[in-house]
Structures are given as structure tokens and as C-alpha cells.
Amino acid sequence: MEPFEKLNGVVAALDRENVDTDQIIPAVYLKRIERTGFGPFLFSAWRFLPDGQPNPDFELNIPGYRGSTILVTGRNFGSGSSREHAPWALLDYGFRVIIAPSFAEIFHKNCFDNGIVPVHLPEEQVNLIMVKAKEEPGYRLNVDLESCLLTDDDGLSIPFVVHNDPTTHEFRRHCLLNGLDDIGLTLQHEDKIAAYEERNIPRPVG
């Protein structure tokens, strides 16, 4: 998993609440077994018209949002089924940061396991960033995970957390900064695992 420290990126505004994982990546696209290749199908029911052309009324098709790496959206983002394909699609599309007032629990954990930074902010601060991104497509934010601070060129400075529980916040922040998913955390104890196996696993005779 790629470590995350700092990012300066374009913010795309998706002003919708309760966006579920089937809207993020429809079930018809879940036949792939790789983690990559889902980006082209992100929000496909909204992004494309029935003839396959881009829907000009969908937010992410605004020209100023091209190349965006930060998504600001409404409460309860990632609700619905627990499919890990949702963060895979968001990451493959290019998003490294999602800013919202709240996240669905399983989606929230899946973000950490895939190197996406879920930024928790009070709703009024989310709305402030949302307005900036909507009024000025191409609007950029600096996301500093080391200091847990959002800034922009207009003097905005907002502290944030990645988890509302302080202990879990520090643990998850550490994992994101160091690119540690569950496997990476386990491999930090590889020498102890090897020593345990040496002591406790019988070796074949002869």
C-alpha cells in the first residue's frame, strides 16, 4: 500500500448524502478479481448516459474536476453493502482523500486498508469546502496527514481527524503514513512469527 504524507490536489464536489457502494461501483462490474481497473466504472450509472456518452449534468464530468484527487461529499458516504470494490474504484479513478461529515463503518475501514484518507470534518466545514469546489472548479486543497491539517491558498486552515476515536485516529494515521495494511502490520512481526514456527511446528522426519 502506498504511504500517504501530503497531497496538493483538485477537489471534486459530490453534493449528495447516503451515497452507497452500489452507486460508487455497480454490482455488474464486480466480476474482476484484480484490485485495479475499476476506475472507469466509478459512479457509472451517474457518469454516463444510456448511449455511453458522459452525462453533462453529473458533477464529476465538470471539466474543472478533471484529474481531481480529493472528493468532498455528504454524510454517510459508502453505505450499503460491504464491497471492497468501492474504495478500489475510487482509488483507481485517482482519489486519495475523501472529505465527509461521516462514513459508513465498513467502507471507512476499507479506506484505511487501501490507502485512502477519510477526512472527518463537522458538516459546516464540509459545506464550506463544498461551496469553494462548486463555485471554483479546479479549486485545490493541501492535505497534510503529518499535522492533520487542510489548507488552501486563500488562508483556509482546518484541523481534521481520520477517526473520531483519538486512539484509533493515531493508529490509523500511523498506518496511512507508513503504508501499512493488515498484511503489512503482520509482517512487522515476521521475525517473531518465524521464531514461533521454529519452536512449535513439527519438522518432517527423514
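Quantities reported herein were computed from a predicted structural model and do not represent experimental measurements. (Residues numbered from 1 in each chain as written. Predicted model: local features only at pLDDT ≥ 70, side-chain atom pairs only at ≥ 80, totals over all residues. Heavy atoms only, no water.)

## Some thoughts on the packing of aromatic side chains
Enumeration over the complete set of coordinates arrives at seven aromatic pairs. Taking 6.0 Å as the distance between ring centres and 45 degrees as the angle between the ring planes, the aromatic pair formed by W46 and F58 counts as tilted. In this pair, W46 is assigned in helix α2 (residues 44-47) and F58 in the loop between α2 and β2 (70-73), connecting sequence segments twelve residues apart. When sorted by exposure, W46 lands in the same class as F58, which is buried. Linked through ring pairs, F43, W46 and F58 together constitute an aromatic cluster. Here R16 stacks its cationic end above the ring of W46, 4.2 Å away from the centre of that ring. (Phe/Tyr/Trp six-rings, centres within 6.5 Å; stacked < 30°, edge-to-face > 60°. Helix = DSSP H or I, 4+ residues; strand = E, 2+ residues; numbered from the N terminus. Buried < 20%, exposed > 50% of the residue type's maximum accessible area, 1.4 Å probe, protein only. Lys NZ or Arg CZ within 6 Å of the ring centre and 35° of its normal.)

## A few points about the sheet that holds strand β6 (residues 149-151)
Taking strand neighbours across the sheet as the criterion, the seven strands line up as β4-β3-β2-β1-β5-β6-β7 in an open arrangement whose pairing is mixed. Looking at strand neighbours, the two that pair on one side only are β4 (117-120) and β7 (157-159), the edges of this open sheet. Here the average twist between neighbouring strands, direction ignored, is 30 degrees. Direction of pairing for strand β3 (residues 97-100) relative to β4: parallel, over a ladder of four bridges. Paired with A100 across the two strands is H120, which belongs to β4. Its contacts with the sheet place helix α5 (residues 123-135) against β1 (6-14), β2, β3, β5 (140-144), β6 and β7, and it is angled at close to 85 degrees to β1. (Pairing = 2+ DSSP bridges. Axes fitted to C-alpha atoms, helices over the stretch in contact; angles between N-to-C directions. Contact = heavy atoms within 4.5 Å.)

## What to know about the environment of T21
Assignment of secondary structure puts T21 in helix α1 (residues 21-24). Given a relative accessible area of 1%, T21 falls into the buried group. Those residues in contact with T21 that sit more than four places away from it in its chain are G78, S79, G80, S81, R83 and A86.

## Overview of the pattern of salt bridges
Counted according to the given criterion, the structure contains twelve salt bridges. Across the pair D15 and K134 runs a salt bridge whose closest N-O atoms are separated by 2.9 Å. Residue D15 is found in the loop between β1 and α1, and its partner K134 is found in helix α5; the two are separated by 119 residues along the sequence. Two residues, R16 and E59, come together in a salt bridge whose shortest N-O distance is 2.9 Å. Highlighted residues: R16 in the loop between β1 and α1 and E59 in the loop between α2 and β2, separated in sequence by 43 residues. Among the residues examined, R16 registers a relative accessible area of 26% and is labelled partly exposed. Among the residues examined, E59 registers a relative accessible area of 16% and is labelled buried. Shared partners join several salt bridges into a network, and the residues in it are K6, D144 and E146. (Salt bridge = Lys/Arg side-chain N within 4 Å of Asp/Glu carboxyl O.)

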